[in-house]
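As a plain string of letters, each chain reads:
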Amino acid sequence: MLETAQTAIREAAERLGYDQKTIQSVLEAEAEHIFAIEVNGKRYPAFRVQHNSRRGPYKGGIRFHPHVNIEEVRALATLMSFKTAAVGLPLGGGKGGVAVDPRELSKADVEMLARRYARHLSPYIGSGKDIPAPDVNTNAEIIDWMTDEYEKTIGATDPGAFTGKSMDKGGSEGREAATGRGGVIALVELLKRQNLLDKPLTIAMQGFGNVGYFFAKVLQDYPNLKLIAVSNSKHTWVQSDGIDVTRAVHVPSGTPRPEALHDLQLVTPQPSGLITSLKADILVLAALEDAVTEHNYDSVKAGIIVELANGPVSAAAERFLQQRGVIILPDVVANAGGVIVSYLEWLQNKDKVHWPEAEVNQKLEKILIDASGDMMDRAAERKLSLKQAAFEIALERLMKN
Ligand code: GLU
């Protein structure tokens, strides 16, 4: 993924005529924090990469996943700098992670891990320095623990030091659904440009966590866009007459759970890997990086791919698919809804206000429609892919600061 991100940046820089020294300066992270967190006698590798702060404080999530490593966090931090710039936020880019499978830990141990992570980083983060947020396997509860521990450590209140908090701790309305909602907004803008918005289209979606679930939910506002398949790391569920996502939740907790479709005998599960090769007009990648690579790109049948995860299409796959005429809606715009509402949360914390959900969604929509328009205009004017266009816009903005 690091190579994929750096290739996109290098190529954009070369097209725009920047010299090698300048290019190198945007590839390198400004700071990296590598440490270990001990919980119950076990040590977990932990990271925070602060990639670029030319446009504002570092911004980006923290993921808890067994595959987390420094290269991955570096790549994700780099993507954050380009994401915030591509959608015009006055923020930089960073990312954090702990190499852990939180499902193997008790709730008390996850809390200890989260608190120790925040305590270790407390000298380097804050509302004016670096603002972490949720990512894969982290949520409002974990962010609340981190905020609390950070504030205790510094001996002051600074709710804007983290975003993605719960509502009573200064979180924003609409933050939980924001990445999925943003994905729908960006996709609809693309379909409008392609004159496809009124056509009946089918969608297959890989990944059914928080992001995928809310994407599917908001998609229900567009009845002609029909979700016909979803997957998680174990299975793919196909239902050609359309999946009712409101039934794919765990009762009573309400957390996304595609197995619920199976429990209800609605659909029979098939192997997980099937999802990327299904016959559907649009393939939404909402799981992890490198979902489509040289190993499976030739089986992709969709004409449009939405990168709702970070870095789900490798550079090699992207080249191949582009040649076949597949349109890829790039991650730096497609999944920017989350960081946009994080930015809105940070603004609300700063001014000690709480906006209603409709206001938050309206602001999110405006920022994302403008960013999508800029990207599509440049792509059309300069005959670029959407990703090339988004990276050029982001790079120019980064260089201006
Ligand atoms: N983790 C999300 C992302 O990858 C959101 C980051 C944020 O809100 O700062 O964009």
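Before reading on, note that the structure itself is shown above.
Cut-offs applied
- Residues numbered from 1 in each chain as written.
- Predicted model: local features only at pLDDT ≥ 70, side-chain atom pairs only at ≥ 80, totals over all residues.
- Heavy atoms only, no water.
- Phe/Tyr/Trp six-rings, centres within 6.5 Å; stacked < 30°, edge-to-face > 60°.
- Helix = DSSP H or I, 4+ residues; strand = E, 2+ residues; numbered from the N terminus.
- Buried < 20%, exposed > 50% of the residue type's maximum accessible area, 1.4 Å probe, protein only.
- Near = heavy atom within 4 Å.
- Polar contact = N/O pair within 3.5 Å; in protein donor to acceptor, adjacent residues only side chain to side chain.
- Areas by Shrake-Rupley, 256 points an atom, 1.4 Å probe, with all protein chains shown as cover.
- Pairing = 2+ DSSP bridges.

Engineer: Could you give an account of the packing of aromatic side chains, naming the residues involved and the relevant values?
Structural biologist: Within this structure, the stated rule accounts for 7 aromatic pairs. On the basis of an interplanar angle of 20° and a centroid distance of 5.3 Å, the ring pair of Phe-82 and Phe-391 is categorised as stacked. Here the residue Phe-82 occupies a position in helix H3 (residues 70–86), and Phe-391 occupies one in helix H13 (residues 386–400), the gap between them amounting to 309 residues. With respect to burial, Phe-82 and Phe-391 carry one shared label: buried. Relative to Trp-346, the ring of Tyr-343 lies with its centre 6.0 Å away and its plane at 40°, an arrangement referred to as tilted. Here Trp-346 and Tyr-343 lie together in helix H11 (residues 337–351), a separation of 3 residues that amounts to about one turn. Residue class for Tyr-343 comes out buried when judged on its relative accessible area of 15%.

Engineer: Residues and numbers for the site of the ligand, please.
Structural biologist: If you check the shell around the ligand, you find 14 residues, and the closest are Lys-59, Lys-83, Pro-134, Asp-135 and Ser-342. The separation between an oxygen atom of the ligand and a polar side-chain atom of Lys-83 is 2.7 Å. Coverage of the ligand by the protein chains reaches 95% of its 290 Å² of free accessible surface. Elements that contribute at least two residues to the shell around the ligand include exactly strand E3 (58–64), H3, strand E5 (130–134) and H11.

Engineer: Account for the pairing of strand E2 (residues 42–52), naming residues and giving values.
Structural biologist: For E2, the tally of buried residues reaches 8 of 11 residues, placing the bulk of the element in the interior. Here strand E1 (residues 31–39) runs beside E2; their pairing, made up of 9 bridges, is antiparallel. Bridge pairing links Ala-36 to Pro-45 in E2. Remark: 2 residues form the turn of the hairpin made by E1 and E2, two consecutive strands paired antiparallel; Asn-40 in that turn has positive phi of roughly 50°. Pairing of E2 with strand E4 (residues 93–98) involves 6 bridges; the strand directions are antiparallel. By the bridge assignment for E4, Arg-48 is matched with Gly-96.

Purely geometric stuff here, so don't read any function into it on its own.
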